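# Report on the structure
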Amino acid sequence: MAMANLARRKAINLFNNTVSSDAARYSFALSSTFTRGFASGSDENDVVVIGGGPGGYVAAIKAAQLGLKTTCIEKRGALGGTCLNVGCIPSKALLHSSHMYHEAKTSFAKHGVKFDNVEIDLPAMMGQKDKAISNLTKGIEGLFKKNKVTYVKGSGKFLSPSEISVDTIDGGNTVVKGKNIIIATGSDVKGLPGITIDEKRIVSSTGALALTEIPKKLIVIGAGYIGLEMGSVWGRLGSEVTVVEFAPDIVPSMDGEIRKQFQRILEKQKMKFMLKTKVVAVDTSTDIVKLTVEPSSGGEQTVLEADVVLVSAGRIPFTSGLGLETIGIETDKIGRIPVDKRFTTNVKGVFAIGDVIPGPMLAHKAEEDGVACVEFIAGKEGHVDYDKVPGVCYTHPEVASVGKTEEQVKESGVAYRVGKFPMLANSRAKSIDDADGLVKIIAEKETDKVLGVHIMCSNAGELIHEAALALSYDASSEDIARTCHAHPTLSEAVKEAAMATYDKAIHI
Ligand SMILES: Cc1cc2nc3c(=O)[nH]c(=O)nc-3n(C[C@H](O)[C@H](O)[C@H](O)COP(=O)(O)OP(=O)(O)OC[C@H]3O[C@@H](n4cnc5c(N)ncnc54)[C@H](O)[C@@H]3O)c2cc1C
Ligand SMILES: NC(=O)c1ccc[n+]([C@@H]2O[C@H](COP(=O)([O-])OP(=O)(O)OC[C@H]3O[C@@H](n4cnc5c(N)ncnc54)[C@H](O)[C@@H]3O)[C@@H](O)[C@H]2O)c1
């Protein structure tokens, strides 16, 4: 069986290589004609990137590495975008710090580590987070210098498809020209009607990452990634957290079985959920914020009280002030810029990547877009497989997935098998007394090809990449199961779940 899989994979690779080298030749011919055709006269840069987030700064570095003269325009005065400044990095810093505090308070004693007292020093915790951000933003500036990317600090606006007017952060103005312009302006918080975010008592994720006091009561609107991660941070530090979610489930995009267990674990951590519930009014006229909620389908209203309310009901593409209308760039109903497979907008020579285009709003997806986009511009073949972008919720336990959920596979009509392995039966998880969660693998019944992998355990965000690689190479569950995994590791749960998919697990 394993040999058969290897042979099948070799045949697939042979086919893919033939296809992609043909595609590369085709793309080179197309791209060089297109680039030459568009380069009229006084263009200074080969590539200008507007936005220095994970999509933009990675695109700029890759473009420079490919020998293209490149400028990146960023208005916030620091590189790294939402992710580094007010997103992925600060939230992970606070998730780690708050987890350490919570562990020290609730788990260290049973491991025989005792303290007289454990205290939170919130300014120090925030200081550690801020230090991580500034080190990393400076690091990207260093990478720009190393790769000879020109960095313009200011807000860019289209004058024409090859000219950007930049109001610089020091009060000046300059015009940057480019043969190819990449829009990488990211996303912004989606507000809710009738709720004004003041970033003090009614906060977005940005305010929730910088609170100066631990709220006694925190209400989170939206049980998505931001709500559950930031709810976890403040819950661990002592806030009473209630999550109000419009949908019938938390994280609606997650595999149903995993999502249900995840909710039970979060409830054990004292997070409260009000599902199928919507917020209808907010009153901030007194010291306590009053939130009126009712069932999503209408019905009896309840008034909730909180010190702080976090609005985390999604994000929207950000293109404000960019002058898209000046050059006729189209956007869809929710403000995203539609692009083709080469990231080209409806205007020749103008491309878009990252959160501002359709697809998952994730930093690593934006980076993949950026690399593929400039590869196309340079006449190479870029590629992003959106069906194989991993997603991770960095709570404790972490929940990570790649590929399809069981619901999606069922809906596609493909016959499938499921293999599961609980972390309770994994020796490493038991040895460290951190055994909440499971690994679930879904594979096509006929071929055993892995279609989706869902992992809930500590470090699931690291474990998921074995599964991402498996999906990328069209591996079968047997391929994973017959790969030797070191003992004792949490990764052995992936191997056991794979064994359970095509045959039987050993340790359960
Ligand atoms: C709290 C939070 C936590 C998150 N955690 C994760 C996580 O753990 N993992 C993950 O994968 N994703 C996470 N995300 C999502 C991630 O941050 C985004 O998907 C990612 O930043 C998108 O990258 P981008 O380059 O498309 O846009 P952005 O990072 O938004 O960058 C766009 C940049 O463009 C600049 N800009 C906008 N307009 C102009 C203009 N006219 N001129 C010049 N500059 C301009 C902006 O200032 C910004 O810096 C998180 C988001 C939030 C809010
Ligand atoms: N770990 C990560 O990768 C990570 C972390 C944070 C953010 N992000 C990204 O940032 C983006 C924004 O995150 P998010 O959590 O704000 O969005 P989200 O889309 O993940 O979740 C929003 C939630 O709010 C609910 N909702 C929408 N309107 C509502 C309303 N009126 N009342 C109550 N609930 C409502 C939705 O049903 C959904 O469950 C996401 O696309 C996510 O991919 C990723």
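Residues numbered from 1 in each chain as written. Chains lettered and ligands numbered in written order. Predicted model: local features only at pLDDT ≥ 70, side-chain atom pairs only at ≥ 80, totals over all residues. Heavy atoms only, no water.

If you look the chain up in an unreviewed UniProt entry, it shows as Dihydrolipoyl dehydrogenase from Lactuca virosa. Heading Catalytic activity (unreviewed entry) of the UniProt record for the chain holds this comment: "N(6)-[(R)-dihydrolipoyl]-L-lysyl-[protein] + NAD(+) = N(6)-[(R)-lipoyl]-L-lysyl-[protein] + NADH + H(+)". Recorded in UniProt under Sequence similarities (unreviewed entry), the annotation for the chain is "Belongs to the class-I pyridine nucleotide-disulfide oxidoreductase family." (UniProt positions renumbered as here; feature names shortened; annotations may be inferred.)

The subject of this paragraph is the pairing of strand 11 (residues 277-283). Examined bridge by bridge, strand 11 and strand 12 (residues 289-295) share six bridges and lie antiparallel to one another. Paired with T277 across the bridge in strand 12 is P295. Two successive antiparallel strands, strand 11 and strand 12, enclose a turn made up of five residues. (Pairing = 2+ DSSP bridges. Helix = DSSP H or I, 4+ residues; strand = E, 2+ residues; numbered from the N terminus.)

Glancing now at the pattern of salt bridges. Enumeration according to the criterion identifies 18 salt bridges in this entry. Among the salt bridges present, the one from D255 reaches K440, with a minimum N-O distance of 2.9 Å. Placement of D255 in the loop between strand 9 (240-244) and helix 8 (256-268) and of K440 in strand 20 (residues 438-444) is noted, with a sequence separation of 185 residues between them. Taking the relative accessible area as the measure of exposure, D255 reaches 1% and is therefore buried. The class for K440 is buried, based on a relative accessible area of 0%. Its salt-bridge partner being E478, residue R482 comes within 2.5 Å of it at the nearest N-O pair. Residue R482 is classed as exposed on the basis of its relative accessible area, which comes to 54%. On the basis of relative accessibility, which here comes to 2%, the residue E478 falls in the buried class. One network of salt bridges, with partners in common, ties together D255, E257, E406, K420 and K440. (Salt bridge = Lys/Arg side-chain N within 4 Å of Asp/Glu carboxyl O. Buried < 20%, exposed > 50% of the residue type's maximum accessible area, 1.4 Å probe, protein only.)

The subject of this paragraph is the site of ligand 2. Around ligand 2, a shell composed of 20 residues is seen, among which I226, E229, E245, G314 and V392 lie nearest. At 2.9 Å from an oxygen atom of ligand 2 is found a main-chain nitrogen or oxygen belonging to I226. Residue V392 places a main-chain N or O atom 2.7 Å away from a nitrogen atom belonging to ligand 2. With the chains in place, 77% of the 840 Å² that ligand 2 exposes on its own is no longer accessible. Among the elements that make up the shell around ligand 2, the one with the highest residue count is helix 7 (residues 225-236) (three residues). Looking at the shell around ligand 2, its residues break down into twelve nonpolar, four polar and four charged. (Near = heavy atom within 4 Å. Polar contact = N/O pair within 3.5 Å; in protein donor to acceptor, adjacent residues only side chain to side chain. Areas by Shrake-Rupley, 256 points an atom, 1.4 Å probe, with all protein chains shown as cover. Nonpolar A, V, L, I, M, F, W, Y, C, P; charged D, E, K, R; others polar.)

Across all of its chains, the model carries three aromatic pairs by this definition. Look at F108 and F115: their rings are 5.8 Å apart centre to centre, the planes differ by 25°, and that puts the pair in the stacked class. Relative accessible area serves as the criterion here: at 28%, F108 is assigned to the partly exposed category. An angle of 45° between the planes, with centres 6.5 Å apart, marks the rings of F343 and F376 as tilted. Taken together, the residues span a long stretch of sequence, with F343 in the loop between helix 9 (324-327) and strand 16 (350-352) and F376 in helix 10 (residues 363-377) at a distance of 33 residues. Pair check on accessibility: F343 and F376 agree, each one buried. (Phe/Tyr/Trp six-rings, centres within 6.5 Å; stacked < 30°, edge-to-face > 60°.)

The strand order 7-14-8-9-10 describes an open sheet built from five strands, whose pairing is parallel. Either end of the sheet is taken by a strand with one partner, and the two such strands are strand 7 (202-203) and strand 10 (272-274). In this structure, strand 7 lies alongside strand 14 (residues 308-311), joined through two bridges in parallel fashion. Of the residues in strand 14, the one forming a bridge with I202 is V309. On the sheet, helix 7 packs against strand 8 (217-221), strand 9, strand 10 and strand 14 and is oriented at approximately 170° with respect to strand 8. (Contact = heavy atoms within 4.5 Å. Axes fitted to C-alpha atoms, helices over the stretch in contact; angles between N-to-C directions.)

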